[in-house]
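Remarks on the overall topology
Next come the chains, spelled out residue by residue.
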Amino acid sequence: MKYYVKDYPRPQFVRDNWENLNGAWDFRFDDDNVGERDRWYEGFEKEHEIQVPFTYETKLSGIEDERRHDHIWYAKKISVDGSRLEKENFVIHFEGSDFLTTLWVNGQKAGSHRGGYARFSFDITDLVKDGENELVVRVEDTFDMQQPRGKQRWCDENYQCWYVQTTGLWKTVWTEYVPKVSLKAVKMTPHLEECTLEVEYQVDAPDCMWDGSLSVEATVTFDGKFINKVCTAVVSEHVNTTIDISKKNSGYAWIVKMWSPEEPNLYDITFKVVKDAEVVDTVGSYFAMREIRIEQRNILLNGRPLYQRLILDQGYWKDSHLTPPSEEALIEDIDKIHALGYNGLRKHQKTEDERFLYWCDVKGMLVWSEMAAAYDFSDYAVEEFTREWLEIVKQNYNHPCIITWTPFNESWGISQVETCERQQHFTEGIYYLTKSIDRYRPVIVNDGWEHTIS
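Everything numeric in this text was worked out from a predicted model, so none of it was measured. (Residues numbered from 1 in each chain as written. Predicted model: local features only at pLDDT ≥ 70, side-chain atom pairs only at ≥ 80, totals over all residues. Heavy atoms only, no water.)

**Things to note about the pattern of salt bridges**
- For the coordinates displayed, the defined rule picks out 37 salt bridges.
- Through salt bridges that share partners, K6, D7, E327, E328, D353 and R355 make up one connected network. (Salt bridge = Lys/Arg side-chain N within 4 Å of Asp/Glu carboxyl O.)

Here it is, written out as structure tokens:
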């Protein structure tokens, strides 16, 4: 792929100016929960050095303490080029941190995020200075069975098929410089029959710029060959366009290259934000032309019956638990699944590192994308689940390998769904909410057990 960069954590939205913050961080347990009161966000004396993105419970973290610690702190010094901040914002991304994460920059609070599995970001431009800056992160996690846990245990000892808890930073932390006028998000939907790609842009710019001076230019190539270029005027934060992939615009027909497990064809696409004829932001990505749908009792991929040979993939490693030890480990997993004769997997009770989805796209591995379950039903559980599930669906929507959404598994967290109307309404609501964002992929309302929608 044109924009593939090893270890880049967001492979479908690539910029050049980024820094990986994985590695050694200062670390401290806060079992008495006094850190905020004692202003540890202004600096604290470390107890350990931890290797991010591995949690303190794991061997690869350098700590390997499997006991429960509900409050933990991290600190790291980073360098910022202040000369860039006039034209660019400085953004920090957390690919995954479980569960309540709060960030301070140079002693000032930058923001908080709830949830363990979705990516979140903070624009910290106004909090950094030229030269050395200190990041301090506090993470709070509990054994609360109402928050999305997945296969994490909720007691002090391992129980049946549940694993050691995951606390704190467990995916990549990274920063990037982002132009003040920039592309914030892209949603890409292929329409195979029409040979088109529907694109929805979200552009970040001051309100005064919605005057016709901005545009987004999308250039599509396949295997290095030019396919099409479409320029779209930006008159509001959200704009839509359609790109013809048939290449008829060049004067001759072009056979659309479809994506399938046998032939995982991927198109490269380059987005450029243009202001007054000057390119101010460039983002690299890719997409696939493929269609998944249900017709009567058949699942069809690109109009043909699809026979799925799937494994249940739990994405768990002995020395690093939910965190993959390396990108090579993700590739090895996919290759071994293929070698065993399977063409797909259900990623069980976690949202995997996005590099995994990238390699499934590249290698033609079908994916059922599942949400981590809570285990007790309540208003709080509904709220936490719904908010994070929406973040995950939007985050991973563009990956062609994902052919099914599975928000619920075997009635976990909805144990009375067969008879309880509240739980039925919850599952039905998640189904229709998911379909409102993704009207094409199948959504399994409760994988394995009682179904409330068929």
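**Considering the pairing of strand β8 (residues 108-114)**
- Note: strand β7 (residues 100-105) against β8, six bridges, orientation antiparallel. In the sheet register, L100 faces β8, and the bridge partner there is R114. (Pairing = 2+ DSSP bridges. Helix = DSSP H or I, 4+ residues; strand = E, 2+ residues; numbered from the N terminus.)

**Side note on the environment of K87**
- Summarising the element assignment, K87 is placed in the loop between β4 (71-80) and β5 (88-94).
- Residues within four places of K87 in sequence aside, it is in contact with P179 and K180. (Contact = heavy atoms within 4.5 Å.)

**Some thoughts on the side chain of S378**
- With respect to the secondary-structure elements, S378 resides in the loop between β25 (366-370) and α3 (379-396).
- In this structure S378 comes out as buried when scored by relative accessible area, which is 14%.
- A distance of 2.3 Å separates the side chain of S378 from the side chain of Q146, its partner in a polar contact.
- Ignoring anything within four residues of it in the chain, the contact list for S378 reads Q146 and R422. (Buried < 20%, exposed > 50% of the residue type's maximum accessible area, 1.4 Å probe, protein only. Polar contact = N/O pair within 3.5 Å; in protein donor to acceptor, adjacent residues only side chain to side chain.)

**With respect to the packing of aromatic side chains**
- A complete count under the given rule lists 39 aromatic pairs for this structure.
- Each ring, one from Y267 and one from F287, has its centre 5.1 Å from the other, and the planes form 5°; the classification is stacked. Residue Y267 is found in strand β18 (residues 267-275), and its partner F287 is found in strand β19 (residues 278-287); the two are separated by 20 residues along the sequence. Comparing Y267 with F287, the two get one shared label, buried.
- An aromatic cluster of three or more residues is present, and its members are W25, F27, F29, Y56 and Y74.
- Above the face of the Y397 ring, K187 is positioned so that its terminal group lies 4.6 Å from the ring centre.
- Positioned above the aromatic ring of F356 is the side chain of K347, whose terminal nitrogen or guanidinium carbon lies 4.3 Å from the ring centre. (Phe/Tyr/Trp six-rings, centres within 6.5 Å; stacked < 30°, edge-to-face > 60°. Lys NZ or Arg CZ within 6 Å of the ring centre and 35° of its normal.)

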